[in-house]
Amino acid sequence: MKIEFQNLSKQFEQGPLVLTPMDFSDEVHTLAIIGPSGGGKSTLLRIIGGLIAPTTGTLQVDGEKVEANEAALQKYRRKLGFVFQQGGLFRHMNARANITLPLEQVHGFSHEEACERAMELLARFGLEDDWKKRPAELSGGQQQRVAIARAVAAKPRLLLLDEPTSALDPEYTTEVLDIIHELKKEGMDFIIVTHEMGFARHACDKVAFLCEGTLMEYGESEEIFTQPKTENLRRFLGKLLEWNV
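Residues numbered from 1 in each chain as written. Predicted model: local features only at pLDDT ≥ 70, side-chain atom pairs only at ≥ 80, totals over all residues. Heavy atoms only, no water.

Some details on the overall build of the protein
For step 1, the next point in the chain: On a plain count of helices and strands, the protein comes out with 9 helices and 10 strands.
For step 2, the next point in the chain: Its C-alpha radius of gyration of 18 Å places the protein within 12% of the 18 Å reference for a compact globule of 245 residues.
For step 3, the next point in the chain: By principal-axis analysis of the C-alpha atoms, the protein measures approximately 50 × 50 × 35 Å.
For step 4, the next point in the chain: The burial tally for the protein puts 48% of its 245 residues in the buried class. (Helix = DSSP H or I, 4+ residues; strand = E, 2+ residues; numbered from the N terminus. Rg over C-alpha atoms; globule rule 2.2 N^0.38 Å. Buried < 20%, exposed > 50% of the residue type's maximum accessible area, 1.4 Å probe, protein only.)

Right under this line is the structure:
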């Protein structure tokens, strides 16, 4: 999927610029967005996902401009899958219903088709016996697996993940990252905001480094990690790797 933006920036009300004007153009298959907290990573992901509008600039996906009006954005968002930090599951619904609801209400599946698709994904992600459980009855890792199943159920063109493992214990983090890696091997394109540097380096083709609202570095994952060009990226990676075992 080709993603392009020109002079893209974001400012909330009268506050400082969250994203300074930036240009970008590339074919995106598996991209990790990394950088310190407050650098604008989630904001950029939400703009790409059509969840918020940029203050300036334009966004194009596969040559088509993403218009800012709500009708166009709703149509655009139907082509995408989203996974957030806490999964965003409906707390009063069981795992299967969390998947079937958007399939029926947004994508036009019949109830039978939606249930079949949901159970297929729950079985694939090791949750077939847990379909009746509500989110509070599931572990953090299980909740995020349900959230990923919901995001990919309608076979989106692009999956957007905003720090999907940030609230998880290490063992749950691993199982969620394994699921995302499996999706990559099956050809799923995704953009992930993450602090998991091993995943960014080894599971993603490209890496974007955002710092102070600026796209400071972008390129092949291995090059970004082994040959950082800016002091900001060298310092960022150094802090993260300092306590690695």
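Points about the side chain of R117
For step 1, the next point in the chain: Residue position: R117 is located in helix 4 (residues 111-124).
For step 2, the next point in the chain: A relative accessible area of 13% places R117 in the buried class.
For step 3, the next point in the chain: A distance of 2.9 Å separates a polar atom in the side chain of R117 from a polar atom in the side chain of E120.
For step 4, the next point in the chain: What R117 contacts, discounting residues up to four positions off in sequence, is L103, V152, A153 and K155. (Polar contact = N/O pair within 3.5 Å; in protein donor to acceptor, adjacent residues only side chain to side chain. Contact = heavy atoms within 4.5 Å.)

Remarks on the environment of A97
For step 1, the next point in the chain: On the secondary structure map, A97 appears in helix 3 (residues 95-105).
For step 2, the next point in the chain: The exposure class of A97 is partly exposed, given its relative accessible area of 22%.

Describing helix 1 (residues 41-48)
For step 1, the next point in the chain: Of all the 8 residues making up helix 1, 7 are buried; the element is thus mostly covered by neighbouring parts of the structure.
For step 2, the next point in the chain: For helix 1, every residue scored as buried is listed here: K41, S42, T43, L44, L45, I47 and I48.
For step 3, the next point in the chain: At the exit of helix 1 stands G50, carrying a positive phi of roughly 75°.

Some points on the sheet that holds strand 4 (residues 56-61)
For step 1, the next point in the chain: With antiparallel pairing, the 4 strands of this open sheet are ordered in space as 2-1-4-5. In this open sheet, the two strands that pair with only one neighbour each are strand 2 (17-27) and strand 5 (64-65).
For step 2, the next point in the chain: Of the pairings in the sheet, the one linking strand 1 (residues 2-11) to strand 2 comprises 7 bridges and is antiparallel in character. In the sheet register, L8 faces strand 2, and the bridge partner there is M22.
For step 3, the next point in the chain: Helix-sheet contacts for helix 1 involve strand 1, strand 2 and strand 4, and the interaxial angle to strand 1 is about 125°. (Pairing = 2+ DSSP bridges. Axes fitted to C-alpha atoms, helices over the stretch in contact; angles between N-to-C directions.)

Nothing here speaks to function; it is all geometry.
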